[in-house]
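# Descriptive analysis of the structure
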Amino acid sequence: MFKTPIMRAKSLVILCFLLVNTLHAQSPSDTINYRQFFLDVDQLIGQGNLDSALALTQRALQQYEAKPTGEQDIYAGLFQAAGVIYHYYGMYPEAKEKYDQALQIRKNYLGLYHVDMITSYLNLGGLASEFSKFEAALDLLDTAQLIIDRQTEPIPSLQANIFNNQGNTYAGMGQFRLAEDYYSRSLVIKDTLPGLLPNTRANAYVNLGTIFEEYGDFGKARDYYLIAKDILEKAYGTHIDLIQVHQNLGNVWFFQEQYHLAMTEFRKAEKIIRENFPEHPFMGQIYSNIANVQAERTELDTALYYDLQALDIWQRTFGDQPTIYSIITRIGLGNHLRLKKDWEASLRVYGEALHALQTMEGASIYTLANCYNHMGRVYSEQGDLPAALAHFTQAANTLSYDTLDLTLPIPWQASQDLEDALVNLGIAYNQRYRLTKDSNDLKKSGEFLTDAMIVKNGLRVNFADLTSKINLVQRNDLWSEWAVDTYQKLYLLTNDRHYLEAAFQFAEVGKSTLLFEAVRHKKEIQFEGVPDSLLQSEYDLKARLNYFYEKLIYSGSDESLSEDRARWNQEIFNLKRSYEELKADFANFHPGYFDLMYNLETVSLKQLQQSLPRDQAMIEYQVGDSTIFVFLVTTDEVRLIPIKYDFPLESWIEQVRKHITGTMPYNMDNFREPAHLLYQKLIRPLADELPERLVIVPDKKLGYIPFEALLTAMPKDNYVERWPFLINDHEISYNYSLTLLDAMKTIVHQDPSRQILAMAPFSGKDTVYLQLPNQSADTGQVIHKFLPLLYSKEEIDMFESEPQNQTVYGKAATKKKFMQEAPKCRILHLATHAEANSVQGENSFLVFAYTDQPDEQMLLHVRDLYGLQLNADLVVLSACETGIGELRQGEGIISLARAFSYAGAKSLITSLWKIDDQHTQQLMAGFYAYLNAGVSKDSSLRRAKLDYLKTHSGREAFPANWSGFVAIGDTSSIK
């Protein structure tokens, strides 16, 4: 995914506090009062009223030059003010001219260490950073710092601005830890300054947000941007600095793949510019970002149009001077040309970006590595593997891959780009093996992909928020198939179980990684007892390691820095030793925290075999582009079975779902063929080795179908109750991954105060109408009609006889009641309405009783469950579509059932489509009858389904009525 440059708030200063207080107090009434002038211009700029500020400044300059007062500090201040205004306008040559004039006057008349010199160097440093002249910028800012250090009194406002612009410069160079340090120092000072303009305070939050965005912590970045947005809108309504806030919010939404929201923010920024600053170069960034959104929407011609518009703006603004803005726009243009398969043009544009990077002062190493990676992809798509390997290797070496210790914390941006390079190398060597049949190519492929996984695990440890981790696991899902393929081939060549284990590990890490972390967190919640001092030491060590690794990466092979590199390596060696000692302390004294943060291994095949009863097998699917890999685990053996993916899997799944989820009369003829074909492809190759009980881990769209409804042979008649469903041969439960199943089995809940909480909000006769967002569109509302579920009362009546149970009916079954009581209960049973959202899984919801509160109070969304701490061994979601939702790469189906697992449920009974409540009541009665007799959950559900088939015939026995409920998780009996 292409990353655009992030806009950062500048600190520009017209004059310093001392100057204002030493100006002559009065001027004739018909002339400008210069003291008041500086205050007025500062205020106008703070309000974003640049036209009035410039008009006032030009009038003041004309007055001074017509009647010079001889006060050169005032004369220099007028040029300084003009420079700041032009700087905000984006008229950089004009800004530099005015800054230079102010500086020259001050040098000639005030002296090299006069306090007013600080503002000149400060603003010239900020301008140099805009032109990507980072070393020059740092020199100018160091000079400003030298002067401020020589003053007899501290000047906190100027010190804060120096720190801010130093942060901007280091951020432009990709040295984000340093940038964060300087931004934080600036914010600490600004928070203590009285009378600080609102836009100045807002800008401090914007800049810290950009750093967390660079770290991949999009949730925290968004929080900072929203604080800044709130400050600016309350103070000014519309303001020039809102451009960057909308721009950066758009970036956050873009990287979270919320393209509609991203485009909304970019268009808001565009509107502010068009209405107030139509020639401002900020429009180049907006056009570049819009191009990226259009490309993600596959509107490539529109994307190319905006790319070229952005480049035109950069050319008019900077001329032939290479800047990070024009370089990244060129990389984006190259990406979009590559997507159109215009490889020649793409390579030409990448080449221009690469040349600019190699000649630009202080160019970002990360952008350079990114450019090499993109060029390598073009060569790979052209089939030129030698050129592709050369460029991918260059990308890795640019990031010092040959010298980095991948087990230690690495700067976030370096980790992301290095992971890309290693993945590309792994895939390229796999492709080369297909031509050479040289097993060494496969071994190299495996080595690079394994190193990529080590880097990715480091990123997982450092990511703080859920949305950032979602993006990470989606990246992994795109290449885990290649790793499984590589290690599967090595296993077949060598029969070395090590390679089989590696293939399984890669299959596992592509499944429900975040859910596994959440479940493990529920197990290790006691880590909260870790002393703050140890956590702070951990943070400090990681930050220091990041700092010195960044130094090493940027030093490259510069011989003049050889002594520095030796010193930095020694620092890393010492820090590594301290870091390992700290981890050992965590392992010995805080094992829960250690497992949560550092034990990222998936369950091993040996562990799975040891935990399996002899009558059960585990089947895990990995659906790739050309192969479906099937792992079959029994107590005696592990097999990896490749199935050639040369059949319309998704079409068959859609046909099964279409005809199994419809209403009567069911189209039985159109169901049976795809149901049998799916069995033939997915189960028949394993059938002879399968015991009766199965745990299935589906992949991608396989999670939308119940395997027990597949047909082992083609039925010859319409006596549905006699059809050869797979349920007749096998007892089936499911999970999101085998590692997760292992974790769910070992969760130990506290003794609950209640056994069962059963709720039936629609057990009465009232129909409820709600106006809710349209689930199938970006905007708009739709009326939802929730009918009574009359059999739901009978469904939960069976729990009333036990005093430790709690049954809640009708209007009493509110969301508030559920949130209060659910954590206290061993079993949760919800007989209600639900709706899945296949576009945004977090918006799937359960419906509770209507209250006089707003509509949203009735709905329990997936996102509401993430923060809940459940104590439940079993959750039964006797509602429609609770097991389906958005299919998300790398994490699976984002459903209500999955969210209850996230909240701590050990097992679930959930639904894959809308099921009639009368049939549901019958199935649930049978399920609980067996469960109360001590039968396991999966066996109880199977027996209830088989009983249903024995007592129903014809269309009543069709799978739509009984196969929609499935068991997930630890299906052992209730103790």
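Below: a short report on this structure. None of the values given here were measured: they were computed from a predicted structure.

Thresholds applied
- Residues numbered from 1 in each chain as written.
- Predicted model: local features only at pLDDT ≥ 70, side-chain atom pairs only at ≥ 80, totals over all residues.
- Heavy atoms only, no water.
- Salt bridge = Lys/Arg side-chain N within 4 Å of Asp/Glu carboxyl O.
- Helix = DSSP H or I, 4+ residues; strand = E, 2+ residues; numbered from the N terminus.
- Buried < 20%, exposed > 50% of the residue type's maximum accessible area, 1.4 Å probe, protein only.
- Phe/Tyr/Trp six-rings, centres within 6.5 Å; stacked < 30°, edge-to-face > 60°.
- Lys NZ or Arg CZ within 6 Å of the ring centre and 35° of its normal.
- Pairing = 2+ DSSP bridges.
- Core = buried A, V, L, I, M, F, W, Y, C linked by side-chain atoms within 4.5 Å.
- Domains from an automatic or database assignment.
- Contact = heavy atoms within 4.5 Å.

### As for the pattern of salt bridges
Within this structure, the stated rule accounts for 33 salt bridges. A salt bridge links arginine 693 to glutamate 731; the shortest N-O distance between them is 3.0 Å. You can see arginine 693 sitting in strand S4 (residues 693-697) and its partner glutamate 731 sitting in strand S5 (residues 731-734), a full 38 residues away along the chain. Residue arginine 693 shares its accessibility class with glutamate 731, and that shared class is buried. Residues glutamate 708 and lysine 945 are paired through a salt bridge, measuring 3.0 Å at the closest nitrogen-oxygen approach. Of this pair, glutamate 708 sits in the loop between S4 and S5 while lysine 945 sits in helix H38 (residues 937-951); the two residues are 237 residues apart in sequence, bridging distant segments of the chain. Under the relative-accessibility criterion, glutamate 708 is labelled buried at 3%. Classification of lysine 945 as buried rests on a relative accessible area of 2%. One network of salt bridges, in which partners are shared, links Asp615, Arg693, Glu731 and Asp938.

### Comments concerning the packing of aromatic side chains
Pairs of aromatic rings are described using the distance from one ring centre to the other and the angle between the two planes. Evaluated as defined, the whole model comprises 32 aromatic pairs. Aromatic pair phenylalanine 37 and phenylalanine 38: ring centres 5.0 Å apart, planes at 65°, arrangement edge-to-face. A connected cluster of aromatic rings, assembled from ring pairs, spans Tyr92, Trp314, Phe318 and Tyr325. We note lysine 793 situated over the ring of tyrosine 809; from NZ or CZ to the ring centre the distance is 5.5 Å.

### What to know about the pairing of strand S2 (residues 627-633)
Burial analysis of S2 places seven of its seven residues in the buried class, the great majority of the element. Side-chain alternation along S2 places Thr627, Phe629, Phe631 and Val633 on one buried face and Ile628, Val630 and Leu632 on a second face that is also buried. Following strand S1 (residues 616-623), the chain reverses through three residues before pairing antiparallel with S2. Here S2 runs beside strand S3 (residues 638-644); their pairing, made up of seven bridges, is antiparallel. From the neighbouring strand, isoleucine 628 faces S3, where its bridge partner is isoleucine 643. Counting the residues that bridge the hairpin from S2 to S3 gives four residues.

### Some points on the sheet that holds strand S12 (residues 845-847)
Spatially, S11-S12-S13 is the arrangement adopted by the three strands of the open sheet, whose pairing is antiparallel. Only two strands of the sheet have a single partner each, and these edge strands are strand S11 (834-835) and strand S13 (859-861). Inspection of the sheet shows S11 paired to S12 by two bridges, in the antiparallel sense. What sits directly across from glutamate 835, in S12, is phenylalanine 845.

### Digging into the nonpolar core
With 204 residues, the main nonpolar core has Leu78, Ile118, Ile243, Leu418 and Phe506 as its most contacted residues. With 12 residues, helix H4 (residues 72-89) is the single largest residue contributor to this core. Shared between two domains, this core takes at least three residues from each, and those domains are domain 1 (11-20 + 31-111) and domain 2 (605-734). In contact with leucine 418, not counting residues within four places along its chain, are Ala396, Leu399, Tyr401, Leu404, Leu406 and Val455. One finds Phe671, Leu740, Leu830 and Ile909 within the second-largest nonpolar core, a separate group that totals 104 residues.

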